[in-house]
Amino acid sequence: MMSALHTRLFGLLALCWGCALIYFYHSQRIQDYLAKDFHTLVLAGGIGIIVLGLYSLINPQEKKSSCDHEHKHDHDHHHDHDHHHDHEGHLHDHDHGEEEHCGDCDHEHEGHGPVATYLLTLVPLIVAMNYTQDKLSNRGMAKKGLYEAPALNGLDAPAAFTREDLEKRVPKNEEGEFQLQLFAAYWAAGDREVQSIYEGLPVELEGRVAPEKIGNEAGDRMRIFRKIMSCCAADAQFVGVSMEFPDDAKRPAVDEWVKASGILTFETIDNKILPLLKVRVVIPTEEPYSEFLLRQ
């Protein structure tokens, strides 16, 4: 049977996992993995697991093994062996009341044992919490579309509107540049009507910086990007705009969060239309609450 000690240890294991969920919620690391709509569910799940763990610690119950049967082979067939053959002192006594076979069932069927279970569960958790950087490498981002040409693929395209509508809907910075959402500049390259409105538009884009790997033969470009997700990091998509700098402009560092101002235009590379920001100035900025552009 599973001992009360083991039950308490598994309760402690549940406490560790519940506390890990609460930690991710409280530290805001969760924002890198889940859309905001799901944060409360993680908090509730962590609390629920902690409650179960505490119950196992306070009120452990022994679980009987499937081998806890009696194995009684009462050969009570009363066949009186009247022949009383002694067999040289061996009294041929057929009294199998409680066979010693029952003693063989003192094993607990616990597989690889609780210690291995704790190690296999806790060690990956501790390592992940301490060494995970909460972000993808450049190679990982490339696989998620960072350097791909804009394609709507069933996503909502920017609604058709005029330059006058743009003036009404989109705020401007102190320099009179439109503070455009980066995904709007990215998707505009997939819609010729929107391109005609955005072409030559003075804009300010906010995002994180990555190396540029497309149309960068001169080595004077970088890429500003954001991530979009509808649920969690597994369905994240990266959208980016290439930045071309004047000779005297200061380049930002890779992974730095910036506001990049300049003229938005479009170029054709390998028969694909791509957005391009001709940079006027780039200034550092604070990372927003969530790197993800959440569901619109």
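Per chain, the residues get numbers from 1 upward, laid out in the order the sequence is written. Note on the predicted model: pLDDT of at least 70 is required for a residue's local features to be given, and 80 or more for side-chain atom pairs to be given and counted; whole-chain, interface and lining totals, by contrast, use all residues. The basis for every side-chain value is the complete set of heavy atoms in the structure, and neither hydrogens nor water enter the calculation.

Notes on the overall build of the chain
Reasoning step 1: Secondary structure assignment for the chain yields 7 helices and 7 strands.
Reasoning step 2: For helices the rule is a DSSP run of H or I covering at least 4 residues; for strands it is a run of E covering at least 2, with both sets numbered from the N terminus onward. Going from the N terminus to the C terminus, the chain shows its helices and strands as α-α-α-α-α-β-α-α-β-β-β-β-β-β.
Reasoning step 3: Counting across all 296 residues of the chain, residues that qualify as buried make up 36%.
Reasoning step 4: Exposure was quantified through the Shrake-Rupley algorithm and a 1.4 Å probe, taking into account, for residues, occlusion by the shown protein chains and nothing else. Accessible area of the chain: about 18200 Å², with a carbon and sulfur share of 54%. Only protein chains enter the calculation, and the probe is 1.4 Å; a residue is then buried if its accessible area is under 20% of its type maximum, exposed if over 50%, and partly exposed in between.

Here's the deal with the packing of aromatic side chains
Reasoning step 1: A pair of aromatic rings is counted whenever rings of Phe, Tyr or Trp (Trp by its six-membered ring) have centres within 6.5 Å, and the orientation is called stacked for planes under 30 degrees apart, edge-to-face for over 60 and tilted otherwise. Under the counting rule described, the total for this entry stands at 5 aromatic pairs.
Reasoning step 2: Measuring from centroid to centroid gives 5.3 Å for Phe 10 and Tyr 118, while their planes differ by 65 degrees, and the two rings are edge-to-face. Taken together, the residues span a long stretch of sequence, with Phe 10 in helix α1 (residues 4–26) and Tyr 118 in helix α3 (residues 114–131) at a distance of 108 residues.
Reasoning step 3: Phe 10 gets classed as partly exposed once you look at its relative accessible area, which sits at 30%.
Reasoning step 4: An angle of 70 degrees between the planes, with centres 5.3 Å apart, marks the rings of Phe 183 and Trp 187 as edge-to-face.

With respect to the pattern of salt bridges
Reasoning step 1: Any carboxyl oxygen of Asp or Glu within 4 Å of a side-chain nitrogen of Lys or Arg constitutes a salt bridge here. One pass over the full model with this rule turns up 7 salt bridges.
Reasoning step 2: Close ionic contact of Lys 172 with Glu 167 constitutes a salt bridge, the shortest N to O distance being 2.9 Å.
Reasoning step 3: In this structure Glu 167 comes out as partly exposed when scored by relative accessible area, which is 38%.
Reasoning step 4: As a salt-bridge pair, Arg 221 and Glu 267 come within 2.7 Å of each other at their nearest N and O atoms. Separated by 46 residues along the polypeptide, Arg 221 in strand β3 (residues 221–228) and Glu 267 in strand β5 (residues 257–269) bring together distant segments of the chain. An identical accessibility class is assigned to Arg 221 and Glu 267; each is buried.
Reasoning step 5: Residues participating in the shared-partner salt-bridge network are Arg 221, Glu 244 and Glu 267.

Looking at helix α2 (residues 39–58)
Reasoning step 1: Its 20 residues place the ends of α2 29 Å apart at the C-alpha level, agreeing with the 28 Å of an ideal helix rising 1.5 Å per residue.
Reasoning step 2: Looking at α2, one finds that the buried residues are His 39, Val 42, Gly 46, Ile 50 and Gly 53. One side of α2 holds all its buried residues, which, seen down the axis, span an arc of 70 degrees. For α2, the exposed residues lying more than 90 degrees away from the buried face are Thr 40, Leu 41, Val 51, Leu 52 and Ile 58.
Reasoning step 3: The inward-facing, buried residues of α2 contact α1. Take the number of residues in a helix, subtract one, and multiply by 1.5 Å to get its expected span. Note that the arc is computed from the directions linking the helix axis to the C-beta atoms. We call two residues in contact whenever any of their non-hydrogen atoms come within 4.5 Å of each other.

Describing the packing of α1 against α2
Reasoning step 1: Relative orientation of the contacting elements α1 and α2 amounts to 160 degrees, with a least axis distance of 7 Å. Classed by the angle they form, the pair α1 and α2 counts as roughly antiparallel. By crossing handedness, the relation of α1 to α2 is classed as left-handed. For every element, the axis is a line fit to its C-alpha atoms; helices are fit only across the contacting stretch, and the angle between N-to-C directions ranges from 0 to 180 degrees. Our angle categories are set so that under 35 degrees counts as roughly parallel, over 145 as roughly antiparallel, 65 to 115 as roughly perpendicular, and the remainder as oblique. For any helix crossing, the convention is left-handed if the near helix is rotated counterclockwise from the far helix by under a right angle, and right-handed if that rotation is clockwise.

As for the environment of Ile 214
Reasoning step 1: Structurally, Ile 214 is set in the loop between β2 (201–211) and β3.
Reasoning step 2: In sequence terms Ile 214 and Asp 270 are 56 residues apart; their C-alpha atoms lie 9.9 Å from each other.

Looking at the packing of α1 against α3
Reasoning step 1: Contact pair α1 / α3: the axes reach a minimum separation of 11 Å and the direction vectors enclose 10 degrees. Considering the angle they form, α1 stands roughly parallel to α3. Relative to α3, the crossing made by α1 is left-handed. In this structure, α1 contributes His 6, Leu 9, Phe 10, Leu 13, Cys 16, Trp 17, Ala 20, Tyr 23 and Phe 24 to the contact, and α3 contributes Pro 114, Thr 117, Tyr 118, Thr 121, Leu 122, Leu 125 and Met 129.

Considering the pairing of β3
Reasoning step 1: Judged by how many residues are buried, β3 sits mostly within the fold: 8 of 8 residues are covered.
Reasoning step 2: The alternating pattern of β3 places Arg 221, Arg 223, Phe 225 and Lys 227 on one face and Met 222, Ile 224, Arg 226 and Ile 228 on the opposite face, and all of these are buried.
Reasoning step 3: The rule for pairing is simple: two strands pair if DSSP sees at least two bridges between them. Relative to β3, β2 is paired through 4 bridges, and the arrangement is antiparallel. Bridging across to β3, Val 209 finds its partner in Ile 224.
Reasoning step 4: Here β3 pairs with strand β4 (residues 237–244) via 8 bridges, running antiparallel.

Observations concerning α1
Reasoning step 1: Here α1 spans 33 Å end to end across 23 residues, near enough to the 33 Å set by a 1.5 Å rise per residue.
Reasoning step 2: Among the residues making up α1, those that are buried are His 6, Thr 7, Gly 11, Leu 13, Ala 14, Leu 15, Gly 18, Ala 20 and Phe 24.
Reasoning step 3: Against the buried residues of α1 lie α2 and α3.
Reasoning step 4: Positive backbone phi, at 70 degrees, marks Gln 28, one or two positions downstream of α1.

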